[in-house]
Every structure is written in C-alpha cells, then in structure tokens.
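Breakdown of the fold
Spelled out from the first residue to the last, the chains are:
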Amino acid sequence: MLFWNETEYNNFNRGALTATPTYVVTAPLGISSYASALYDTQKKYNSSASVYYYSTGYSPTAVLTPTAPSGTGSQSEYAELTYKDNSPTGKAWLGRYDICSTDAWEENYRGSFNDPFGLFSKTLLFRHLTSKLVFYVIRDASMTSKERVRRVTVDHVRTFHQGKEDITNLQSPTTFKWMPFDDNNLKSLVFIDNYTNSIAYLNSQTLGNLKQPEYGYMPIEAQTLPDTVLFTSGLDDPVMADLETPLDSVYVCGDLDRKGGFTTGQGDLYLKMNIQAQFTYASEFPTGYTDDNAQVFYKKWVDQSVPVYGLDGNPINSFLPGYEYRIYIHFYKTGVYLEAKKVKWKEGGTHYVDFGGNTTTTN
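Reference entry: report on the structure contained in this document. (Residues numbered from 1 in each chain as written. Predicted model: local features only at pLDDT ≥ 70, side-chain atom pairs only at ≥ 80, totals over all residues. Heavy atoms only, no water.)

Under the counting rule described, the total for this entry stands at seven salt bridges. Across the pair Arg 127 and Asp 103 runs a salt bridge, and its minimum N-O distance is 2.8 Å. Pair noted here: Arg 127 is in strand β8 (residues 127–128) and Asp 103 is in the loop between β6 (100–102) and β7 (110–111), with a separation of 24 residues, a long-range link. Under the relative-accessibility criterion, Arg 127 is labelled buried at 3%. Taking relative accessible area as the criterion, Asp 103 reaches 0% and is therefore assigned buried. Taking the shortest distance from any N to any O, the salt bridge between Arg 158 and Asp 303 comes out at 2.8 Å. Of the two residues, Arg 158 is situated in strand β10 (residues 148–161) and Asp 303 in strand β17 (residues 296–309); the sequence distance between them amounts to 145 residues. (Salt bridge = Lys/Arg side-chain N within 4 Å of Asp/Glu carboxyl O. Helix = DSSP H or I, 4+ residues; strand = E, 2+ residues; numbered from the N terminus. Buried < 20%, exposed > 50% of the residue type's maximum accessible area, 1.4 Å probe, protein only.)

Counting 58 residues, the largest nonpolar core has Tyr 217, Leu 271, Met 273 and Phe 331 as the members making the most contacts within it. Considering each element in turn, this core owes the most residues, six residues, to strand β16 (residues 269–280). Excluding residues that lie within four positions of it along the chain, Leu 271 makes contacts with Leu 133, Val 157, Arg 158, Thr 159, Leu 170, Gln 304, Ser 305, Val 306, Val 308, Phe 319 and Ile 327. (Core = buried A, V, L, I, M, F, W, Y, C linked by side-chain atoms within 4.5 Å. Contact = heavy atoms within 4.5 Å.)

This brings us to the environment of Tyr 109. Mapped onto the elements of the fold, Tyr 109 is located in the loop between β6 and β7. For Tyr 109, a relative accessible area of 1% puts it in the buried group. Separated by 55 residues in sequence, Tyr 109 and Tyr 54 have C-alpha atoms that sit 5.8 Å apart. Side-chain polar atoms of Tyr 109 contact the backbone nitrogen of Leu 125, separated by 2.5 Å. (Polar contact = N/O pair within 3.5 Å; in protein donor to acceptor, adjacent residues only side chain to side chain.)

In this section: the side chain of Lys 122. Take Lys 122: it is sitting in the loop between β7 and β8. With relative accessibility at 8%, the residue Lys 122 sits in the buried group. Of note is the side chain of Lys 122, whose polar atom sits 3.3 Å from the side chain of Asp 115.

As a further point, take the sheet that holds strand β4 (residues 64–66). Read across the open sheet, the four strands follow the order β4-β5-β12-β13; overall the sheet is antiparallel. Because the sheet does not close on itself, it has two edges, and the strands there are β4 and β13 (215–224). The average undirected angle you get between the axes of adjacent strands in this sheet is 25 degrees. Summarising the sheet, strand β5 (residues 80–83) and strand β12 (residues 171–180) pair through three bridges and their orientation is antiparallel. (Pairing = 2+ DSSP bridges. Axes fitted to C-alpha atoms, helices over the stretch in contact; angles between N-to-C directions.)

Moving on: the packing of aromatic side chains. The full count for this structure, using the stated rule, is 17 aromatic pairs. Judged by centre distance (5.6 Å) and plane angle (55 degrees), the ring pair of Tyr 23 and Tyr 53 falls under tilted. Here Tyr 53 lies in strand β3 (residues 53–59) and Tyr 23 lies in strand β2 (residues 23–24), a separation of 30 residues in the sequence. Residue Tyr 23 is classed as partly exposed on the basis of its relative accessible area of 21%. The class of Tyr 53 is buried, set by a relative accessible area of 11%. Relative to Tyr 39, the ring of Tyr 34 lies with its centre 5.2 Å away and its plane at 50 degrees, an arrangement referred to as tilted. On the accessibility criterion, Tyr 34 (23% relative accessible area) is partly exposed. Residue class for Tyr 39 comes out partly exposed when judged on its relative accessible area of 31%. A network of ring pairs unites the aromatic residues Trp 4, Phe 12, Tyr 58, Trp 178 and Tyr 217 as a single cluster. One Lys or Arg, Lys 299, reaches over the ring of Phe 279 and ends 4.7 Å from the middle of that ring. Lying over the aromatic face of Tyr 323, Lys 342 brings its terminal NZ or CZ to 4.0 Å of the ring centre. (Phe/Tyr/Trp six-rings, centres within 6.5 Å; stacked < 30°, edge-to-face > 60°. Lys NZ or Arg CZ within 6 Å of the ring centre and 35° of its normal.)

Structural measurements only, silent on function.
Shown next as structure tokens:
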C-alpha cells in the first residue's frame, strides 16, 4: 500500500516526475487475511485532523517491482510496475500470480486522525489485472470399476481464432502502468461484474456514495508462456467419477495495447492443447511398478481444440481481466471431451496454486 499526502497524490495521478508517497507498507499476509481483521501499518497520521493521506496500491509485491519508465523525463518510481521473476530457472513463475491494483478513489481511499482508514466505508478493493484459467478433470461414470485415470498433464496450451492462422501461446502480463480510466483502456471492460458488485454492496451498507475510480494500474506488455509449462496437480490420486476435480490454474491476459486496452480478436476464441494421463484396468493403481508394466499405460491426445463460451452461452473472442475461464477435461472410455466457459471470478477467499518441482518448504 502507498500512502500519499494530497499534493503528492495529485502529482502522481497527473504523471508528475517526482511524486513520492509518504509511506510504503508491505503487509506480511495475503489480501484475504485482512477481510475480517484490520492491519496495523505502524504508521502515524498527521496530528492535524484536517490532513488526509490517500491510498493506492498493488499486489503481490513478491513479483512486482516499481520501475520508472525509461527515457528522458521519467515519471514517479511507481508509475510502472515490472514483473520480477525470482525463480531459479527463469519464467517458472510467469502466470502463477493473481496480480491486482488498488485504484485511486479520491473521496473514499483516504484517512485522517479523526477519519481513519479501517472503517467499513473505506474498504479497499483490489481489481484483478489478469484472467484466471482453471483446468478441471472429470472421469465419466461409465468408467467406474472399469478404468481408472490419474497423473493428468496438459501442455502446449495455445489460443487461436476461428478461421485465422493466429495460433499463439498463452501470455501473461509483465508491465503495468498507472493511468487514467478513459476510452483508451476500454473503461466498460475494466469495471467487470464482480468489481462493480462489490461497489454496490459497499454503497448498500454505508451512507457513502462510491464512484468508479479515476486512476489505476493497467497491463500494457505481456510475455508468452513457453511450451514447456506443464499444468498438473502433482498428485497421484485417481480422478473421481462424475466429480469436477481442479487440476491447475494460470493467470493470463488477452492481447494488449500500449494504452492499457484489451484488443478483441477477430472471430471466436479457441484453446488448443495436448493432454496426457495414466490409466489402469485394475481395481486400483498397482504400487512399485515401472512405466512398462502391462497393468499401467498412458494415453495422449495432441492438438485438442475447444471453443470458449461466455456467460451468455455465446462464443467469446478474447480473455478479459477479472473473469475466470474453466476448461473441463472429460475422460470417457472412448477418449476425451473438452469444454471451456467463462464464469464470474470467485470473490474473496484463498486461491491455491501448486507449483511442483520441489519437495522442500523453502523451494
């Protein structure tokens, strides 16, 4: 969280070169930890009751570094945020974090000695800057007691538009710029349902009149995820029959422009991917076997395509921030069937993401 005095706050929003926050505070826990308990920043208000501090912010600090834009006349240090890969192998963490912005709400995100932060009417909202893709696996009931499935993996996930030769890997944003909300960044797409619903809820519980924020971080650059990214649960548990089991998730974005907008594709959006799973006809997976054991075998499906449908049941043409897109992998005796649809992002709570690859807590 960044806390600004009024002058610096206005300078920051106008893109001033020297805007500097009074306090910079990094909360030690995740956002959801403070949904029902206040966080003491250990910072002091001005002793004058009429002096306010204004708040903006971003999350998570583990992978975001404030970096003033390069070139002559660079802006405030916090004018841009850059994705910082702190993994030992490089790119391993790309797409694994839910990146959020706390926008500029001049009349609401401010506090003073007599009118402090922490009041319900000053609840800070974090806006998702990415789209969340979640892979689910389902074993059809017809396979019960006949064929078991586990160790499902998905790789080479790509997108394309129907009738176009524009196959590209998934991409995740890496640069975020503080900018005003206007027609350039497609304001109608930024304020998606769960964000505006939160605003409406706060208005219903207080006498306040929350308006849409005027400034916030927007993704302006992205990197493609390498083909080597593997989506898997990392568990050996068999896939349950007729039960949606989450496999893995990734945070992505649609095509971006330098103005903070999300360009819409031409034609219906499709996902293409490779799928592999381990099978057995035995009553349970045997232990102590090798991969060439006759009781255990693998099946692989290459370049499987599926259209992505929206909330209204019609095909979409781009991923939009603040929404979740679920990809269901249905296993049948005769093969796999894919289904992909857009849903509203679950509000609040903790998102569990398995990174895999290491066995120690430190890694």
